[in-house]
Amino acid sequence: MPDDTIMIPLPRALYRRVETAAGPAGVGAYVARAVREALARDEAAVAPAAADEAQIVERLRRLGYLD
Amino acid sequence: MIAPHGGRLVDRVLHGDARAEAAARAATLPVLEVSLEVAHDVQNLATGVFSPLEGFMTRDELDHVLHRRRLPGDLAWTIPIVLDAPAAALRGVAPGGALALACAGRRFAVLEVTDVHPLDRRAVAAATFGTTDPGHPGVQRVAALHETLLGGRVTLFAPPPDPHERYHLSPAETRVLFRLRGWRTVVGFQTRNVPHLGHEYVQKTALTFADGLFINPVIGPKKAGDFKDEVILEAYQALMRHYFLRDRAVLGIFRTEMRYAGPREAVFHAIVRKNFGCTHFIVGRDHAGVGRFYGPYDAHAIFQEFPDLGIVPLFFTAFFYCTRCGSVENEKTCPHDAADRIDFSGTRLRRALEGADPISARLVRPEVAEVIARFPDPLVGAGSPGPAR
């Protein structure tokens, strides 16, 4: 197993549902894709638009929070 | 970065043309004059501090929060966020209508009214504070509310004035700040006091296991005997300048009033810091408590009801300075007698300020003591109105 691999326990019932959807050999890839997609949704939900972020950074610099 | 409570950061602040249009519309609407404290809670709603709330609670939302400690839909929420209105302001107001909200005569937001419902003061006080004792400051505050509540979403077009604007960051801003600093784990610290060595001990202990610390004092109306806002901010500036690494700690304010709701407010405080981007939240002894209304660790126990809260509470028990150890300790780390301990009580600090006792360097950093000493009147007075709507 590669050094950067992490073991994640899944409840047995959930594992069976994933195995049905992805096949026995596809469980790992299925879970990894689901986690990536969930993270992307989370980050999109909170990330400000680029123009907004530029204004935020400018204010943080003006107030001394950023160099 | 931790997701906001409910998964989406509310943003109901208008800019540019949309702001101008809203201001023009507000000029045509009936006006409800509100206090500065309510105006700041409107700002909290609009900027996502209170995500997922987008406005003041409807009757259904309030009932869920009071009786189930959750919103409809089952998301954890423990403190009522309500808007009261006098009868004179309600003429012609009905669900489907809108009101302009004004503070000191200046329109700043629009409320889309979806619900007009009566306030049951006793039920709100009993559920929120666990008491209807008129000696509780939160009960007093509820008793002073008007009889009718308005529910509905708010839209902010002119943020209320803030003398502490320099430290007033929105959740969108703190999240960008934490990300640019490379903080994946952030500990939030709630306070309504000047810092003593016990606070510093807790903050640094928690910071040991995280990337960054967000010191987030509540700035707003407090009860008599609490420290004034400007004293708290200057004291923290002094502490952080001399005793914290600049790239490991951030000071930003939470503009609201203390509810003194003990356990329920501890959960509310954790949710708010989750919205600011914190992954962990420090919960101390008698968090958000007042007098003897709550047990010393009731605010720890309540978190067992919310395994789905999404922010990790860090529970701290009582700590003290041990003269034998020569450091701040707690009951698990110090083997010495009570006679060797100096307690970090607000009473002890207030006595020192009143000149009854010296301010010990074992209680408060000298730079912080120096700041406090510069204020002739550092405490909220007995005659002050305190938390009021």
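Here, every reference points to the structure presented above.
Peer 1: Help me out: how do you make sense of the interface of chain B and chain A in this one?
Peer 2: Many analyses report the size of an interface as the accessible area lost when the parts associate. With 22 residues of chain B at the interface, the matching set in chain A holds 14 residues. Contact between chain B and chain A buries roughly 1600 Å² in total, counting both sides, with carbon and sulfur atoms accounting for 55%. It is Arg-166, Glu-173 and Arg-246 of chain B that lose the most area in chain B upon contact with chain A, and together they represent 28% of the buried surface on that side. On inspection of chain B and its partner chain A, the count reaches four salt bridges. With a closest N to O distance of 3.2 Å, Arg-246 of chain B and Asp-67 of chain A form a salt bridge. Where chain B meets chain A, there are nine residue pairs in polar contact (both at pLDDT 80 or more). Contributions of two or more residues to the side of chain B that touches chain A are made by helix 6 (171-180) and strand 9 (249-251) of chain B. Top element by residues in the side of chain B that touches chain A is helix 6 of chain B. It accounts for seven residues.

Peer 1: Could you clarify how one ought to interpret the environment of His-64 of chain B in this entry?
Peer 2: Residue and element names in this part refer to chain B. With respect to the helices, strands and loops of the structure, His-64 is situated in helix 3 (residues 59-68). For His-64, a relative accessible area of 16% gives the class buried. When the C-alpha positions of His-64 and Asp-74 are compared, they lie 8.8 Å apart, and in sequence the two are ten residues distant. Those residues in contact with His-64 that lie beyond four places of it in its chain are Arg-69, Arg-70, Leu-71 and Pro-72. Separated by 3.0 Å, the side chain of His-64 and the backbone oxygen of Asp-60 make a polar contact.

Peer 1: Mind showing me how you'd approach the nonpolar core here?
Peer 2: The tendency in soluble globular proteins is for nonpolar side chains to be buried side by side. Residue and element names in this part refer to chain B. Phe-50, Trp-77, Ile-81, Leu-101 and Phe-108 are the most contacted members of the largest nonpolar core, which totals 134 residues. Counting residues per element, this core draws most heavily on helix 8 (residues 229-243), at eight residues. Residues within four places of Trp-77 in sequence aside, it is in contact with His-5, Phe-50, Ser-51, Pro-52, Leu-53, Met-57, Val-65, Arg-69, Arg-70, Leu-71, Phe-268 and Ile-271.

Criteria and thresholds
- Counting restarts for each chain, with residues numbered from 1 along the sequence as it is written.
- Chains carry letters and ligands carry numbers; both start at the beginning, A for chains and 1 for ligands, and go up in the order they are written.
- Note on the predicted model: pLDDT of at least 70 is required for a residue's local features to be given, and 80 or more for side-chain atom pairs to be given and counted; whole-chain, interface and lining totals, by contrast, use all residues.
- Just so you know, side-chain values use all the structure's heavy atoms and leave hydrogens and water out.
- By definition, residues are in contact when any of their heavy atoms lie within 4.5 Å.
- The term buried area denotes the loss of accessible surface (1.4 Å probe radius) that occurs when two parts are joined, taken as the sum for both partners.
- Every case where a carboxyl oxygen of Asp or Glu lies within 4 Å of a side-chain nitrogen of Lys or Arg is listed as a salt bridge.
- A 3.5 Å cut-off defines polar contacts: any pair of N or O atoms within that distance qualifies, except that in protein one atom must be a possible hydrogen donor and the other a possible acceptor, and neighbouring residues in sequence count only when both atoms are side-chain atoms.
- Secondary structure follows DSSP: runs of H or I at least 4 residues long count as helices, runs of E at least 2 residues long count as strands, and numbering of each begins at the N terminus.
- Buried, partly exposed and exposed residues are distinguished by accessible area as a fraction of the type maximum, computed with a 1.4 Å probe on protein chains only: under 20%, between the cut-offs, and over 50%, respectively.
- Put simply, a nonpolar core is a bunch of buried Ala, Val, Leu, Ile, Met, Phe, Trp, Tyr and Cys residues held in one set by side-chain atoms that sit within 4.5 Å of each other.

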